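Residue-level structure breakdown
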Amino acid sequence: MAQHRYVLTDTARGIHEPDFDKPIPGGTVRRTTLRGGRREGVDLVEIDNGRFRFAVVPTRGMGLWKGWLGKTEIGWQSPVKGPVHPHFVPLTEPSGLGWLEGFDELMCRCGLTSNGDPGTGANGANQYPLHGRIANLPAHHVELIADDDTGEVSLSGTVDETRFLFQKLRLTATYKTKAGRSGLTIADEVTNLSGDPAEMQMLYHINFGPPLLDPGAKLIAPVKVVVPRNARAAEGISSWNSYSNEQAGFDEQVYFFELLAGGDGKTRVLLKNAHATLGVSLRFSTKQLPYFTLWKNTAMAADGYVTGLEPATNFPNTRIFEGEQGRVIKLKPGETVKFEVELEVHGDERSVSAAEEKIAALQGGTKPQVFETPQKGWTKL
Amino acid sequence: MAQHRYVLTDTARGIHEPDFDKPIPGGTVRRTTLRGGRREGVDLVEIDNGRFRFAVVPTRGMGLWKGWLGKTEIGWQSPVKGPVHPHFVPLTEPSGLGWLEGFDELMCRCGLTSNGDPGTGANGANQYPLHGRIANLPAHHVELIADDDTGEVSLSGTVDETRFLFQKLRLTATYKTKAGRSGLTIADEVTNLSGDPAEMQMLYHINFGPPLLDPGAKLIAPVKVVVPRNARAAEGISSWNSYSNEQAGFDEQVYFFELLAGGDGKTRVLLKNAHATLGVSLRFSTKQLPYFTLWKNTAMAADGYVTGLEPATNFPNTRIFEGEQGRVIKLKPGETVKFEVELEVHGDERSVSAAEEKIAALQGGTKPQVFETPQKGWTKL
Amino acid sequence: MAQHRYVLTDTARGIHEPDFDKPIPGGTVRRTTLRGGRREGVDLVEIDNGRFRFAVVPTRGMGLWKGWLGKTEIGWQSPVKGPVHPHFVPLTEPSGLGWLEGFDELMCRCGLTSNGDPGTGANGANQYPLHGRIANLPAHHVELIADDDTGEVSLSGTVDETRFLFQKLRLTATYKTKAGRSGLTIADEVTNLSGDPAEMQMLYHINFGPPLLDPGAKLIAPVKVVVPRNARAAEGISSWNSYSNEQAGFDEQVYFFELLAGGDGKTRVLLKNAHATLGVSLRFSTKQLPYFTLWKNTAMAADGYVTGLEPATNFPNTRIFEGEQGRVIKLKPGETVKFEVELEVHGDERSVSAAEEKIAALQGGTKPQVFETPQKGWTKL
């Protein structure tokens, strides 16, 4: 048979392959368990399709740790050297900011009950920790499907964000690639397992540092509206789409967007380096992910010189504020919602340029509406 | 020798048998370490006496995960698919409700410093998380004794709930069964290891779902007094002893009891299914466990269709309120208190009926006093 | 080659030797992973130099668990039976006191962002948990160097206390000993990995119980000034340097010191038992560690009969108060600060007496200034 299915983990059936190494179209797939320090016990699945290699962390909500196009690493250098086991991430500390101790991924999901700024609940308790809990919950089912005929490879993991009497949300996260493809597709499903209605949020926190992000790097996006999150972001509004040198004490700048989509309902954004010789583009549906956030954190390299491109169901304000704006997904009992994000690495000028042209086409004659100051409804004023 | 003693874990002597499989009277005992998802690293001890099988979780405070009479599972289907490793249970999150992320056992102990509703301390800090900590602490000593002559089998685990300058309480939890018995006896000891006096609480949270719990199922108990916990429970007081169909959005109903005991100081309660073909009865001393709570949560199956029968040293109100009512156990330095609960599964009509008759005898001519509304001293008004 | 270097853990290179056993000058070094209870998964490195043996816990911030001079154990008997895995220490619980559930070491470091009493932040959240986080973070790099020629042995571990957007502090903790030496030297470095300036604190919490600490035991120190921390400590100021019998309900007494140093900038303190047949002395620089705290907790043995000798960069008041007094270390980007503490065990009267004479020399003709009450600036009044 041309299609092979491997179950790497299935807690219900007592399956958990600690070491796993198989050939797949164009390359190999390998699973290891990391040892020592804060990574003790973290499972890693590395997929190499012959051109692009990437590492997925089932222990951390199926996050995408890093990617490599040949020898070029795609991702960023966090001062936190991960992948960090969720046990060492103090997610529920009263400040709500413990999530930052596990943050070093190329892409991590923020959700499912909430994402965004931590929110203080009724009795002073932090009910919504920064960026939610899904990135620090382990998958209980992981499987790989590889097709010798088509060259397609797909890795899926199922992660439950469930608490008795509270949320019963299930993420089925899938990464698809193909022999020789210089990227991957994230194809997720979130299901409300409950017999009651539910609400959820999803934000894809997709992060890049050097060598892709360098002084003079640019974000190309088909912008309908851009709004600075706060006064600090407003300071940099005139150069929202370009990146400066690393800077000591840099305070992050965040911009909120409405993007333009094509006839297929999809939009594209591109981050390219200063010389336009390296880029990464994202493609996603503005119906599924209507709110786009750009996070600029060009701090010193030692502190994390990084930018985040964040397609989402909402802006990363507090859960309470976003709920008031109606920026949450409502799910009926048993209902499933789907999200898809394509990530393509452009390893040369020609490919970067082609990606840029597609975005120019989406922009067309529309003049971006650039707000100089934070706007009501977009952020809490 | 007819009596065999196996030490499965003893941290003081560096003993920890990861895999263990032995014949015992009537069946086998088997210890495994679970892998993957939130159960990664959880130890499970399964005892089969030839008629009744049950699984104990040393990693989770010696909780009783599930039982099986032949192919009939006794326990419930929580939306939380456990057993969950304590590392993934955010017990100390500010809300005090993190315990609910690990809750899926047939029986788990609530204590030892406190149980019941979370209580807010002086500085806004949650000092008493919901149902306490003992169910999320691991045993450091586990041993099995099997007697070929009598057919008796006994599994003991020691769990310390200790914090320097605070509590120094030790639970020695024992499960006793016998070849061919359709149940088990919980025989616990709690010791104050401190040189100072101490206080403690214990509640046995014994939970049942389908097939035992079905629409029309009934609780049979020798009632002296029954009091609804709150207005929501009061709504259902007229049918406190029967169970309805699953219901979306069902809000739990809780009743507090004083039960009648026999000349031996022991009482009995029975949960039977609608057709009285399956039942479980509990037998315990009202001296040891004078306060009984019934928890009804007939929510949709996906959210946990379940009822809890809860013999305890107190009602599961906040630790502060229960302390004010004097419903705590005071222990001198070095003092030990004992608790015993017998659990019997009734697999046919005859056995269910016999159990029901014993409870009718305890009730005798006493008319239950049924309060229609919450009462002062039973619950905070 | 006479010098051997063994890398026991290096997460960056995927090295983690679970079991390790090698001869070193005078003795052996052995690494094991503990199993069962709250110690499950804790790594222990035991070094025996032929005279003095000690156990280091890489999983717990390179803490010094216990030492043994022959059969005499140096350390204390905590009611918490460790070493406890950090996963079971609720460091971030709202009370800020969860650290006490892991505390049983002969020496543990308190820091790096803060140490001392927990401090409540702006929104009621506990930002500075008791004694900080470094003792509950695992080393990601551990190595041993043994020199056959000199007999010197050195164990180093690197522990990061890092949070994206917050602290980026690195501890490189080293224990040095030599074949036949009856003690060890702690030689630590703390580096600010950030591109921004940072602040840090360090306190060495060095703890002794029986047999060294007994009724009539004494602390010998070259005192310039001693100040009781609070009213409770003031009660015992006249006997601050001697220890009483174990006492039920004993409430800890804490004293703050300015110590006298010799021409080399170093001071010494000695704890000796009642008969002056056993002692431990510490030697350290008052430039590196200018603030010394004595903690007396002569509670019942079951609750921990123990005293703590605590050389530090500050007094263990709240981080906020100490900051106001300027008792924090300021580090430039990339800057490293060093700390060294020598610990020597005196196994006979002669050695105890010799150590005492050296301290008498430091005291010289200086009369200790003993305050009867807490003083402004030393503690929050």
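Up top is the structure.
In this report, we go over the structure that sits alongside the text. (Residues numbered from 1 in each chain as written. Chains lettered and ligands numbered in written order. Predicted model: local features only at pLDDT ≥ 70, side-chain atom pairs only at ≥ 80, totals over all residues. Heavy atoms only, no water.)

1. Overview of the relation of the copies chain A and chain B
With an RMSD of 0.0 Å, the fit of chain A onto chain B corresponds to turning through 120° and sliding 0.0 Å along the axis. This pairing of chains is accounted for by a three-fold axis. Interface overlap between copies is the fraction of interface residues in one copy that are interface residues in the other; for chain A against chain B it is only 7%, indicating separate surfaces. (Least-squares fit on C-alpha atoms with pLDDT ≥ 70 in both. Contact = heavy atoms within 4.5 Å.)

2. A word on the packing of aromatic side chains
Applying the stated criterion across every chain yields a total of 48 aromatic pairs over all chains. Judged by centre distance (6.0 Å) and plane angle (45°), the ring pair of Phe103(A) and Trp295(A) falls under tilted. In this pair, Phe103(A) sits in the loop between strand E8 (72-74) and strand E9 (107-112) while Trp295(A) sits in strand E22 (residues 291-298), placing the two residues 192 residues apart along the sequence. A residue is classified by how much of its surface remains accessible, and Trp295(A), at 5% relative accessible area, is buried. Every member of this aromatic cluster is reached through a ring pair, and the members are Trp76(A), Trp99(A), Phe103(A), Trp295(A) and Phe164(C). Directly above the aromatic system of Tyr243(B) lies the positively charged group of Lys296(B), at a separation of 5.1 Å from the ring centroid. One residue, Arg53(C), lies across the ring of Trp68(C), its end atom 4.0 Å from the ring centre. (Phe/Tyr/Trp six-rings, centres within 6.5 Å; stacked < 30°, edge-to-face > 60°. Helix = DSSP H or I, 4+ residues; strand = E, 2+ residues; numbered from the N terminus. Buried < 20%, exposed > 50% of the residue type's maximum accessible area, 1.4 Å probe, protein only. Lys NZ or Arg CZ within 6 Å of the ring centre and 35° of its normal.)

3. Description of the pattern of salt bridges
Scanning all chains against the criterion turns up 85 salt bridges over all chains. A salt bridge links Asp303(B) to Lys168(A); the nearest nitrogen and oxygen atoms lie 3.0 Å apart. With Asp303(B) in the loop between strand E22 (291-298) and strand E23 (305-312) and Lys168(A) in strand E14 (residues 168-178), this residue pair bridges two chains. We classify Asp303(B) as buried; its relative accessible area is 4%. (Salt bridge = Lys/Arg side-chain N within 4 Å of Asp/Glu carboxyl O.)

4. Some points on the relation of the copies chain C and chain A
Superposition record for chain C on chain A: RMSD 0.0 Å, screw rotation 120°, translation along axis 0.0 Å. The residues that chain C uses at the interface reappear at the interface of chain A in only 7% of cases, marking distinct surfaces.

5. Concerning the sheet that holds strand E13 (residues 152-162) of chain B
Residues and elements named next belong to chain B. The strand order across the open sheet built from 10 strands is E2-E1-E12-E13-E14-E15-E25-E21-E20-E17, with neighbouring strands paired in antiparallel fashion. Two strands bound the open sheet, and with one partner strand each, they are strand E2 (15-16) and strand E17 (218-220). Where E17 lies against strand E20 (residues 266-272), three bridges are found, and the strand directions are antiparallel. Paired with Lys218 across the strands is Lys272, a residue of E20. In this fold helix H3 (residues 349-363) packs onto E17, E20, strand E21 (279-285) and strand E25 (336-346), with an angle of close to 140° to the strand it touches most, E20. (Pairing = 2+ DSSP bridges. Axes fitted to C-alpha atoms, helices over the stretch in contact; angles between N-to-C directions.)

6. Concerning the interface of chain A and chain B
Across the boundary between the two partners, chain A contributes 27 residues, which contact 31 residues of chain B. Of the roughly 2400 Å² buried between chain A and chain B, counting both surfaces, carbon and sulfur atoms make up 59%. Linking chain A with chain B are four salt bridges, by the criterion used here. Where chain A packs against chain B, one counts 12 residue pairs in polar contact (both at pLDDT 80 or more). Split into classes, the residues belonging to the side of chain A that touches chain B amount to 10 nonpolar, 12 polar and five charged. (Buried area = accessible area lost by both parts, 1.4 Å probe. Polar contact = N/O pair within 3.5 Å; in protein donor to acceptor, adjacent residues only side chain to side chain. Nonpolar A, V, L, I, M, F, W, Y, C, P; charged D, E, K, R; others polar.)

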